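Spelled out from the first residue to the last, the chains are:
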Amino acid sequence: MAAKISETLLEYAAPVLAQMPPDASRRQQQEALEVIITVWNALVVAQWGQEDLLPGLYRRLEALPQPGRTAMHAIVDALVERKRQLFQDDLRAVGRWELRVKADGELSLWAEARGPAR
């Protein structure tokens, strides 16, 4: 049985999340996860045979000022490579998702897995 999509995403995102400062706000973590999930979904829907959304994502990055543009480009490139190397066969897209705070203050990810539209 496959791991929950939330567990898989956290494993996929681990190198990016590890680069965040330990005191990163919940909003910063959500913004990072938004980018991570966007890249994941773009790659998955392309594997489903739908439109390749990655070129559009890279075009949007071009609008960012430096040095953010270069940094974000490197992050997206790394995520694309990580998905292709380690998660190529996982064809679940992410629907709704939420970063939650547990009773002990620890953050956890809830995510909804989706398959291709029929």
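Everything numeric here is computed off the predicted structure, so don't read it as measured data.

Visitor: How would you sum up the overall build of the protein chain? Please name residues and give values.
Guide: Helix and strand counts for the protein chain stand at four helices and two strands. Mapped in sequence order, the helices and strands of the protein chain form the string α-α-α-α-β-β. In summary, the protein chain has a C-alpha radius of gyration of 15 Å against a globular reference of 13 Å for 118 residues, a match within 12%. Taking the principal axes of the C-alpha coordinates as reference, the protein chain spans close to 40 × 40 × 25 Å. Counting every position in the protein chain, which comprises 118 residues, the buried fraction comes to 31%. Long-range contacts, defined as pairs at least 24 residues apart, comprise 59% of the intrachain contacts of the protein chain with a sequence gap of at least 6. For the protein chain, the exposed area adds up to about 7500 Å²; of that, 53% sits on carbon and sulfur atoms. In the protein chain, the 15 positive side-chain charges and the 16 negative ones have mean positions that sit 4 Å from each other.

Visitor: Account for the layout of surface pockets, naming residues and giving values.
Guide: Approximately 190 Å³ is the volume attributed to the largest pocket. Only helix H1 (5-18), helix H2 (26-47) and strand S2 (107-114) provide two or more residues apiece to the lining of the largest pocket. Broken down by element, the lining of the largest pocket gets its largest block of residues, three residues, from S2. Here the lining of the largest pocket is built from residues that sort into 10 nonpolar, two polar and no charged.

Visitor: Could you give an account of the side chain of Asn-41, with specific residues and numbers?
Guide: Relative to the elements of secondary structure, Asn-41 occurs in helix H2. Classification of Asn-41 by relative accessible area gives buried; the value is 17%. Dropping the residues within four chain positions of it, Asn-41 is found in contact with Ala-93 and Val-94.

Visitor: Which residues make up unusual backbone geometry, and what values do they have?
Guide: Of the consecutive residues Gln-66 and Pro-67, the connecting peptide bond is found in the cis state with omega at 0 degrees. Within the element layout of this structure, Pro-67 appears in the loop between helix H3 (54-61) and helix H4 (68-86).

Visitor: Give me the nonpolar core: which residues, what numbers.
Guide: The nonpolar side chains of soluble globular proteins are, as a tendency, buried together. Within the largest apolar cluster, 26 residues are counted, with the highest numbers of intra-cluster contacts made by Leu-9, Tyr-12, Val-39 and Trp-40. Looking at this core, the elements that each hand over two or more residues are H1, H2, H3, H4, strand S1 (93-101) and S2. Examining the composition of this core, we find that eight residues originate from one element, H2, more than from any other. Residues contacting Leu-9, with those up to four places away along its chain left out, are Ile-37, Trp-40, Val-94, Leu-109 and Ala-111.

Visitor: How would you explain the environment of Leu-54 if you had to name every residue and give the values?
Guide: For Leu-54, the location among the structural elements is in helix H3. Distance from Leu-54 to Ala-93, taken between C-alpha atoms, is 15 Å for residues 39 residues apart in sequence. With near-sequence residues (within four places) excluded, Leu-54 lies in contact with Ala-42, Leu-43 and Val-80.

What counts and what doesn't
Residues numbered from 1 in each chain as written. Predicted model: local features only at pLDDT ≥ 70, side-chain atom pairs only at ≥ 80, totals over all residues. Heavy atoms only, no water. Helix = DSSP H or I, 4+ residues; strand = E, 2+ residues; numbered from the N terminus. Rg over C-alpha atoms; globule rule 2.2 N^0.38 Å. Buried < 20%, exposed > 50% of the residue type's maximum accessible area, 1.4 Å probe, protein only. Contact = heavy atoms within 4.5 Å. Areas by Shrake-Rupley, 256 points an atom, 1.4 Å probe, with all protein chains shown as cover. Lys, Arg positive; Asp, Glu negative; His and termini not counted. Charge placed at Lys NZ, Arg CZ, Asp CG, Glu CD. 1 Å grid on protein atoms, 1.4 Å probe; cavity = no way out; pocket = protein on both sides within 12 Å on 5 of 7 lines; lining within 4 Å. Points joined across faces, edges and corners; volume = space filled by probe spheres on them. Nonpolar A, V, L, I, M, F, W, Y, C, P; charged D, E, K, R; others polar. Core = buried A, V, L, I, M, F, W, Y, C linked by side-chain atoms within 4.5 Å.

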